[in-house]
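# Inside the fold
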Amino acid sequence: MCGTPVACVLLLAVGLTWGRFQLRPGAFLKLPNQSGQFRLNSGTANKAAYDAQEKLLYVVGYNADLLHVVDMNDPSSPQLLDTKTFDSVTQGLPDSVQADSFDPRSVAWNQDCTQLVVTSEGNPHELNAVFEDPPADVEILIPSFGTSVDRKSIPIVETALASAGLRQVFRVCDTGATTVSSRVQDLEPQTVHVDRDNTAYILFSENNGIGKLDLSDPMAQISYFSLGTKDWSGLQFDGAYEDSGINLDNRTVVSFYQPRDLVSFEVDGKVWLATADTGLIRRYSMSSCRFDESVAARSWGQDFSDGLTAAEITKLRAEMNDNTQLGRLRISKLKTPTDGWDPIFQGYDFVSTFGGRGFSILDPTDMTRVYDSGDDFERYFTTADATESEKALYNGNVGSNSQAMSSQFDRRSPELGPTPSAIAVADFNGTQVLVVANGVVGGLYTYSVTSGPVVAFQDFVRRGQPGLSWNEAYARSDDAVGEPYITDLLVIDDQNQKTVVAVSSYAGALSFYSLQETP
C-alpha cells in the first residue's frame with residue numbers, strides 16, 4: 001500500500017484497554033446572548049481561558065460578540081458573574097481569549113509573557129464581488145513601555161513550504177476567478193501553542209502540516225513539517241451512513257491527519273506534543289469563486305497508477321461505487337503528489353480522505369509520530385462498554401433543532417467520522433492524562449501517558465439524552481442537551497482537584513467534569 005509511512009509504536013496494536021482514570025460529570029452552565037436570553041446555536045461560547053490567581057474563567061462567544069466571566073471558586077458550582085458585549089464596528093469581534101497562565105488557541109504567550117504569537121489565516125473573501133486570497137501571516141507582538149507594542153513579522157517563504165511537502169490545497173477556483181494563488185496564500189495557520197522551552201508550534205490544518213519557531217532566537221525562522229498520511233488498510237473505520245449501523249472495515253485508503261488542536265506535556269523529562277486529528281475540507285461558495293477539494297468517492301472516476309495491485313484496484317472501485325461502503329466517502333480530487341497523483345503514470349498511487357479520526361503523539365524534535373490512537377475512537381462503540389445512549393449518537397450530526405438528537409446517527413461517517421476537535425492534558429501525580437473531544441455530537445475520550453511513553457485508553461463519557469429533540473433537551477434545566485460542537489477543552493487544577501471544562505458552541509454552554517483516579 002503506497003502512502004507516506006509513519007512510525008506508530010507502543011500500544012497501537014494493543015487497542016482499547018480500560019484504565020483507572022475517569023471523568024465524572026459535574027456542573028453544566030448555559031450562557032446567555034446579548035439580550036440575556038438562552039438559545040441554541042446563538043454563538044455565545046467558543047473559546048475559554050482560566051485565570052488561576054483570581055479563579056475566573058473567561059469565555060468568548062465569537063458569533064454573539066460576547067465575553068463571559070465565570071467565578072470558579074467552587075468548581076462544583078460555577079457562577080456567571082458578568083457578560084460583556086462588544087460592538088462589531090467600533091470594537092471588533094472577539095475571536096480568542098487568554099489569561100497569563102493559560103495556553104490559548106489562536107494566539108499564545110511565551111513562558112514569561114513578553115512575546116505574543118499571533119496568526120492570521122488570510123481567509124479568501126469577496127470585495128465588491130471580486131475574489132481575494134490574502135497571504136497567511138505570523139507575527140510576534142512584544143509589549144513595550146506604556147501602551148506601545150512592537151510588531152515582528154515572521155516571513156513565510158514559498159520554497160520552504162514546497163520543500164517540506166505541505167499540501168497546497170487551493171490554487172484556482174473550480175468556477176469563477178481565474179487568478180492562481182501561491183502556497184503562501186494557500187497556507188492557513190489555525191492554532192498556536194508554546195511549550196515550556198519557548199518553542200511555538202503552529203498548526204496548518206488543511207495543509208496537513210505543522211510549523212516550529214524558536215521564540216528565544218530573534219533570528220529564527222519557521223521550520224515546516226508535513227504530518228503525513230494514515231494507512232487504513234490495517235485499521236478499520238466506518239465510511240458510510242447507508243449501511244444500517246456501526247460497521248467498521250479496513251479499506252485500501254489513506255487519510256490526512258489534519259490536526260486542529262494540540263498540547264505539550266512532559267514524560268521522562270522530555271517534551272511531547274499531542275494533536276487532535278480533526279480533518280478539514282476546503283470549500284468556497286462565493287459568487288466569484290466556487291471550490292471544493294473533495295468529491296464523493298462514487299463520482300471520483302479517476303485512473304490509478306501502478307501504486308496499487310490490480311486486485312486492490314478492483315476491490316476499491318467496487319467499494320467506491322457502493323453507497324453502503326465508500327460511495328459517499330469524501331476523497332481528494334487534487335492532482336498533487338501529496339494527494340496520490342503520479343504525474344508520470346497520469347494516475348493515482350493511492351486514494352486519500354480527510355482526518356485521522358483519533359489523536360497522535362509527536363516527538364517535537366523532528367515531528368516523528370510515536371503514537372497513533374488507530375481506530376479506537378470508532379471501535380469503542382462496537383464494545384460491550386458502549387451504552388445504547390452513546391451508540392445512538394455514533395458519528396452523528398446535528399440536524400434541525402426540532403429533530404431528535406439521534407436522527408442524524410452515523411451521518412458523519414463518510415466525512416471526518418468522530419471529528420476530534422480539541423485536546424487537553426492534566427498531570428495526575430506524574431501520569432499525564434489526555435482528554436480528547438468528539439467535536440460534533442460531544443463526548444470525551446480519556447487516555448493516560450506514562451514513561452516510555454506508554455499510552456493506554458481509559459474511558460469515554462458523553463452527556464445528553466438522545467431520545468429528545470435538541471429543542472426539548474435544551475429547554476430542560478439539566479444537561480440533557482449534552483455538548484454538541486465542542487470547540488475548546490481546558491483543565492483547571494486547583495488544590496489537587498482537576499476539573500475538565502468542555503466548551504459547547506452549539507449549546508452555548510460549559511460542561512464541567514472532575515478527573516478522578518479509581519481503585
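The model shown is predicted, which means the values in this text are computed figures rather than measured ones.

## Quick word on the overall build of the protein chain
Along the protein chain, the regular secondary structure elements total 6 helices and 36 strands. Taken over the C-alpha trace, the protein chain has a radius of gyration of 22 Å; the compact-globule value for 519 residues is 24 Å, and the two agree within 12%. Projected onto its principal axes, the C-alpha positions of the protein chain cover 65 × 55 × 50 Å. Within the protein chain, the fraction of its 519 residues that count as buried is 57%. Counted over contacts in the protein chain with a minimum sequence separation of 6, partners at least 24 positions apart contribute 59%. About 20,400 Å² of surface is accessible on the protein chain, with carbon and sulfur atoms providing 48% of the total. Charged side chains of the protein chain number 39 positive and 67 negative; the gap between the two group centres comes to 5 Å.

## Points about helix α3 (residues 310-320)
Along α3, the residues that are buried comprise I313, L316, E319 and M320. Projected down its long axis, α3 carries its buried residues within an arc of 130°, all on one side. For α3, the exposed residues set more than 90 degrees away from the buried face come down to A310, A311 and T314. Buried positions along α3 lie against β24 (330-332).

## Comments concerning the sheet that holds strand β2 (residues 47-51)
With antiparallel pairing, the 4 strands of this open sheet are ordered in space as β2-β3-β4-β5. With partners counted over all chains shown, the strands left at the sheet margins are β2 and β5 (79-85), one partner each. Adjacent strand axes in the sheet meet at a mean angle of 20°, parallel and antiparallel pairs treated alike. Here strand β3 (residues 56-61) runs beside strand β4 (residues 66-71); their pairing, made up of 6 bridges, is antiparallel.

## Brief notes about the pattern of salt bridges
A side chain with one charge can pair with a side chain of the opposite charge if their charged atoms come near. With the rule as written, the count across this model stands at 26 salt bridges. Across the salt bridge formed by E188 and R282, the nearest N and O atoms sit 4.0 Å from each other. Separated by 94 residues along the polypeptide, E188 in the loop between α2 (183-186) and β13 (191-194) and R282 in the loop between β20 (270-277) and β21 (283-286) bring together distant segments of the chain. The two residues E188 and R282 agree in class, both being buried. When the shortest N-O distance is used, the salt bridge between R282 and E206 registers 2.6 Å. Here E206 lies in the loop between β14 (199-204) and β15 (209-214) and R282 lies in the loop between β20 and β21, a separation of 76 residues in the sequence. The exposure classification of R282 matches that of E206, with both residues buried. If you follow the salt bridges from partner to partner, you end up with D186, E188, E206 and R282 in one network.

## Remarks on the nonpolar core
If you look at the biggest cluster of nonpolar residues, it comprises 26 residues, and the most contacted ones within it are F265, F359, I361, I423, L434 and Y447. Those elements that place two or more of their residues in this core are β19 (261-267), β20, β28 (358-363), β29 (368-372), β31 (431-438), β32 (444-450) and β33 (454-461). In contact with I361, other than residues within four places in its own chain, are F265, W272, L273, A274, T368, R369, V370, Y371, L434, V449 and V455. Counting 21 residues, the second largest nonpolar core, distinct from the first, contains L166, V184, A220 and Y224.

## Quick notes on the sheet that holds strand β17 (residues 229-231)
The mixed open sheet is built from 3 strands, whose spatial order is β17-β18-β27. Single-partner strands in this sheet number two, and they are β17 and β27 (352-354). Put simply, the sheet's adjacent strands are angled 35° from each other on average, direction ignored. The sheet contact formed by strand β18 (residues 254-256) and β27 spans 3 bridges and is parallel. Following the sheet pairing, S255 is matched in β27 by T353.

## What about the environment of D410?
Mapped onto the fold, D410 is located in the loop between α5 (388-391) and β30 (420-428). Residue class for D410 comes out buried when judged on its relative accessible area of 0%. For the pair D410 and N395, spaced 15 residues apart in sequence, the C-alpha separation works out to 4.6 Å. In this structure the side chain of D410 is engaged in a polar contact, spanning 2.5 Å, whose partner is the side chain of S413.

## Re the packing of aromatic side chains
All chains considered together, the criterion is met by 26 aromatic pairs. An angle of 65° between the planes, with centres 5.2 Å apart, marks the rings of W341 and Y348 as edge-to-face. You can call W341 buried: its relative accessible area is 11%. Ring centres 4.7 Å apart and planes at 50° place the aromatic pair Y445 and F460 in the tilted group. Highlighted residues: Y445 in strand β32 and F460 in strand β33, separated in sequence by 15 residues.

Reading the values: rules and limits
- Residues numbered from 1 in each chain as written.
- Predicted model: local features only at pLDDT ≥ 70, side-chain atom pairs only at ≥ 80, totals over all residues.
- Heavy atoms only, no water.
- Helix = DSSP H or I, 4+ residues; strand = E, 2+ residues; numbered from the N terminus.
- Rg over C-alpha atoms; globule rule 2.2 N^0.38 Å.
- Buried < 20%, exposed > 50% of the residue type's maximum accessible area, 1.4 Å probe, protein only.
- Contact = heavy atoms within 4.5 Å.
- Areas by Shrake-Rupley, 256 points an atom, 1.4 Å probe, with all protein chains shown as cover.
- Lys, Arg positive; Asp, Glu negative; His and termini not counted.
- Charge placed at Lys NZ, Arg CZ, Asp CG, Glu CD.
- Arc of directions from axis to C-beta.
- Pairing = 2+ DSSP bridges.
- Axes fitted to C-alpha atoms, helices over the stretch in contact; angles between N-to-C directions.
- Salt bridge = Lys/Arg side-chain N within 4 Å of Asp/Glu carboxyl O.
- Core = buried A, V, L, I, M, F, W, Y, C linked by side-chain atoms within 4.5 Å.
- Polar contact = N/O pair within 3.5 Å; in protein donor to acceptor, adjacent residues only side chain to side chain.
- Phe/Tyr/Trp six-rings, centres within 6.5 Å; stacked < 30°, edge-to-face > 60°.

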